[in-house]
Amino acid sequence: MGEIVLAAKMTHVPTLQMSEQEGPVKGKRQAAIDGHLEIARRAKELGADTVVICDTHWLVNAGFHINANEKFEGLLTSSEFPQFIRDMPYSHRGNPALGDAIAEKATELGAYTLAHHLDSLDLEYGTLVPMHFMSREHDMKVVSVAAFCTVHDHDESRIIGEAIRAAVEESDSKVLLVASGSLSHKIWSNKEYAPNNGTFTISSEFNRQVDLRVMEMWKNGEHATFLKMLGDYAELCCGEGSMHDTAMLYGALGWDKYDQKCEVVTEYFPSSGTGQTNVIFPVP
């Protein structure tokens, strides 16, 4: 019988990769990188063999979608930021059986979902950036779930989370579940970016204050209250991918019945106007 052994909300900003390259960002994101490494170490200690990543950089429309390929290999150049992420090599094993099982279970529960086995279906950087660092500490199989959901509601994404948990428990896999996305996500406009030192600043003080309050709620285990504000938070603070990754995470953890106190492993930091962190959600 499988189980989700650890869950986390994780940043995937391009500046993590840039932090290890020569230039003005070198070394600036080490704390976030260290957070990724720590989460991987915890997952290894708990025996995780697979990471399921709910990726807010994978935009989908009709249905929900899962990349359940057997192997992922290539070079990543971001179509969004080709000046930031370019020619980043990756090579990861997949877990097709688990990806297929999640899709089947989600469809049974009422959220139409397709799993895909296509070499031409690339992973997005919301999956590849965390894997770039976590794989240094622990070699895990990866299943990527689309979480930039444009015509879906949070209740459907809750079902996806429930399906992830049910499929994992019926499998022989031990899983690290990752919600890959930011907190607030109001990126600086192009003309504002440089004058406001955009790489290292937040675009809205309101967003920053709400982000910090949300992190306090997570640390205090106030999840039922947070879920009451999730829709407004995602809309008013421009949550990345409308925060469907977060809805999926909570669906897998029991939604408003979840009461664990979270652990912040990377303190809050702004990036290109957005709010970022790494937070561990203990699995009861």
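Quick note: structure is the one above.
Since the model is a prediction, treat every value here as computed from it, not as a measurement.

Caption draft 1: Broad picture of unusual backbone geometry. Positive phi outside glycine occurs at C238, with the angle close to 55°. In this structure C238 comes out as partly exposed when scored by relative accessible area, which is 33%. Of note in the backbone geometry, M243 takes a positive phi value of approximately 60° without being a glycine. Mapped onto the elements, M243 comes out in the loop between helix 8 (223-236) and helix 9 (244-253). The class of M243 is buried, set by a relative accessible area of 0%.

Caption draft 2: Seen up close, empty space enclosed by the protein. Applying the stated criterion across every chain, the model contains one cavity of 30 Å³ or more. Space inside the largest cavity adds up to approximately 160 Å³. As for the largest cavity, its lining consists of 17 residues, and the residues nearest its centre are V13, P14, F81, Y125 and H185. When the residues that make up the lining of the largest cavity are grouped by side-chain class, the tally is six nonpolar, nine polar and two charged.

Caption draft 3: Representation of the nonpolar core within the structure. Counting residues in each nonpolar core, the largest one holds 55 residues, and the members touching the most others are V52, I164, L177, W218, F226 and F281. Leave out the neighbours within four places in its chain, and I164 touches I4, V52, C54, I102 and L177.

Caption draft 4: Broad picture of the layout of surface pockets. Each pocket or cavity is described by its volume, and for the largest pocket that value is around 180 Å³. If you go around the largest pocket, the residues you meet are H57, L75, L76, T77, S78, S79, E80, Y90, D122, L123, E124 and Y125. Tallied by class, residues from the lining of the largest pocket come to five nonpolar, four polar and three charged.

Caption draft 5: Region of the structure containing the pairing of strand 10 (residues 274-281). Burial analysis of strand 10 places eight of its eight residues in the buried class, the great majority of the element. Burial along strand 10 is two-sided: the residues T274, Q276, N278 and I280 and G275, T277, V279 and F281 are all buried. Taken together, the three bridges between strand 1 (residues 3-10) and strand 10 define a ladder with antiparallel strand orientation. Looking across to strand 10, one finds that A7 is bridged to F281. Note: strand 9 (residues 263-271) against strand 10, six bridges, orientation antiparallel. From the neighbouring strand, T266 faces strand 10, where its bridge partner is N278. Between the end of strand 9 and the start of strand 10, which pair antiparallel, lie two residues, with S272 showing a positive phi angle near 55°.

Calculation criteria
Residues numbered from 1 in each chain as written. Predicted model: local features only at pLDDT ≥ 70, side-chain atom pairs only at ≥ 80, totals over all residues. Heavy atoms only, no water. Buried < 20%, exposed > 50% of the residue type's maximum accessible area, 1.4 Å probe, protein only. Helix = DSSP H or I, 4+ residues; strand = E, 2+ residues; numbered from the N terminus. 1 Å grid on protein atoms, 1.4 Å probe; cavity = no way out; pocket = protein on both sides within 12 Å on 5 of 7 lines; lining within 4 Å. Points joined across faces, edges and corners; volume = space filled by probe spheres on them. Nonpolar A, V, L, I, M, F, W, Y, C, P; charged D, E, K, R; others polar. Core = buried A, V, L, I, M, F, W, Y, C linked by side-chain atoms within 4.5 Å. Contact = heavy atoms within 4.5 Å. Pairing = 2+ DSSP bridges.

None of the figures reported here should be taken as evidence of function without further support.
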